[in-house]
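Read off the chains here:
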Amino acid sequence: MESEFDLAVVGGGAAGLAAAQYGARAALTTLLIEEMAPGGQALLIDGLENYPALVGPVSGYDFSEAMRVQAESFGAAFLTATVSTIRKDGGRFTLDTSEGEIRAAAVVLATGAKHRHLDVPGEEVFTGRGVSYCATCDGPFFRGKRMLVVGGGDAACDEAMYLSKLADKVIMIHRKDRFRAQRSLAERVLRNPKIEVRFETVVAEIRGEKKVESVLLRQEGRGEYEESVAAVFVFVGSIPQSALAPEARKDEMGSLFTDERMQTSVPGLFAAGDVRVTPFRQLVTAASDGAVAAHSAAGYIDELRGEAYA
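Report follows, based on the coordinates.

Thresholds applied
- Residues numbered from 1 in each chain as written.
- Predicted model: local features only at pLDDT ≥ 70, side-chain atom pairs only at ≥ 80, totals over all residues.
- Heavy atoms only, no water.
- Helix = DSSP H or I, 4+ residues; strand = E, 2+ residues; numbered from the N terminus.
- Rg over C-alpha atoms; globule rule 2.2 N^0.38 Å.
- Buried < 20%, exposed > 50% of the residue type's maximum accessible area, 1.4 Å probe, protein only.
- Contact = heavy atoms within 4.5 Å.
- Areas by Shrake-Rupley, 256 points an atom, 1.4 Å probe, with all protein chains shown as cover.
- Lys, Arg positive; Asp, Glu negative; His and termini not counted.
- Charge placed at Lys NZ, Arg CZ, Asp CG, Glu CD.
- Expected span 1.5 Å × (residues − 1).
- Arc of directions from axis to C-beta.

**Some thoughts on the overall build of the protein chain**
Consideration 1: In terms of helices and strands, the protein chain carries 6 helices and 17 strands.
Consideration 2: Against the globule reference of 19 Å for 310 residues, the protein chain gives a C-alpha radius of gyration of 21 Å, in line with a compact fold.
Consideration 3: The dimensions of the protein chain, computed from C-alpha atoms along their principal axes, are 65 × 40 × 35 Å.
Consideration 4: The proportion of buried residues among the 310 residues of the protein chain is 50%.
Consideration 5: Pairs at least 24 apart in sequence give 59% of the contacts found in the protein chain among residues at least 6 apart.
Consideration 6: By element, 50% of the accessible surface of the protein chain is carried by carbon and sulfur atoms, the whole surface being about 15200 Å².
Consideration 7: Positive and negative side-chain charges in the protein chain, numbering 34 and 43 respectively, have mean positions lying 5 Å apart.

**What to know about the environment of Val9**
Consideration 1: By the secondary structure assignment, Val9 is in strand E1 (residues 4-10).
Consideration 2: Judged by its relative accessible area of 0%, Val9 is buried.
Consideration 3: Those residues in contact with Val9, other than ones at most four positions away along the chain, are Gly16, Ala19, Ala20, Thr30, Leu31, Leu32, Ile33 and Val108.

**Some thoughts on helix H2 (residues 60-73)**
Consideration 1: With 14 residues, H2 should reach 20 Å at 1.5 Å per residue; the first-to-last C-alpha distance of 20 Å fits that figure.
Consideration 2: Along H2, the positions that sit buried rather than exposed are Gly60, Phe63, Ser64, Met67, Arg68 and Ala71. Viewed along the axis of H2, the buried residues span an arc of 135°, placing them on a single side of the element.
Consideration 3: The elements touched by buried residues of H2 are helix H1 (14-25), strand E3 (77-80) and helix H6 (283-304).
Consideration 4: Phi turns positive one or two residues past the end of H2, at Gly75, with a value near 110°.

Shown next, in the form of structure tokens:
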């Protein structure tokens, strides 16, 4: 594979795939680098139903694969590799990857975010043995058993709805007195007879012998009590994967600051999707970020070449 590109996109979620498509469509030699399968967290979605123009639920895999095929059809190249560092020298970027060096005039960082943990006793011990961060991945293993969902955002509500198809009883807890998820989604959860919602409740400990058997919950006004469950599904936010941009400005959570063009504080380095500071994290906004980032990168490259439209 060639090692010199106009645009390198790091991360293959919706933001990265959109950036690759728009970059290639703008006649930039474009490479998308992803260490896993293209799709990112969208691959975990059982039924995607709120993306514009999609009528009826579509699996996250089918959605992601369609984006990959579309980007490839415009000429984007794909590389399965891990990026260890990104450095800028001589006006170009060098990306050190597990498959060798890649050089590019501009970079779109679309590395997303990873699941935040509860950091309670038993969580690490039972990860993979009843503690999970992906309902569609692990939910079927607990079919017909009592499950606990922790969280109050869109992801938590989505996953609770999915798990309710597999069990007669899903307990859902949230540390606040109401959900922060979109109202329509929250109301759907509250109406679901298989989901018991308990607000102002947190996990104090996850217990068991060889696998999860129960949780110790702490509820406002009730104190601590034990609840028998076979699985704990955690959806309490995410941690932006911004370590590849150590010199770029970030907020206290580590999310990258960008302007409206998705430009970070490092010229030529753009950010898109969950890795940047954004008020709303959805597939549609991630894809939009990616399109804007690639368009802006094309303008940046034109300026480098002295070909900017006056």
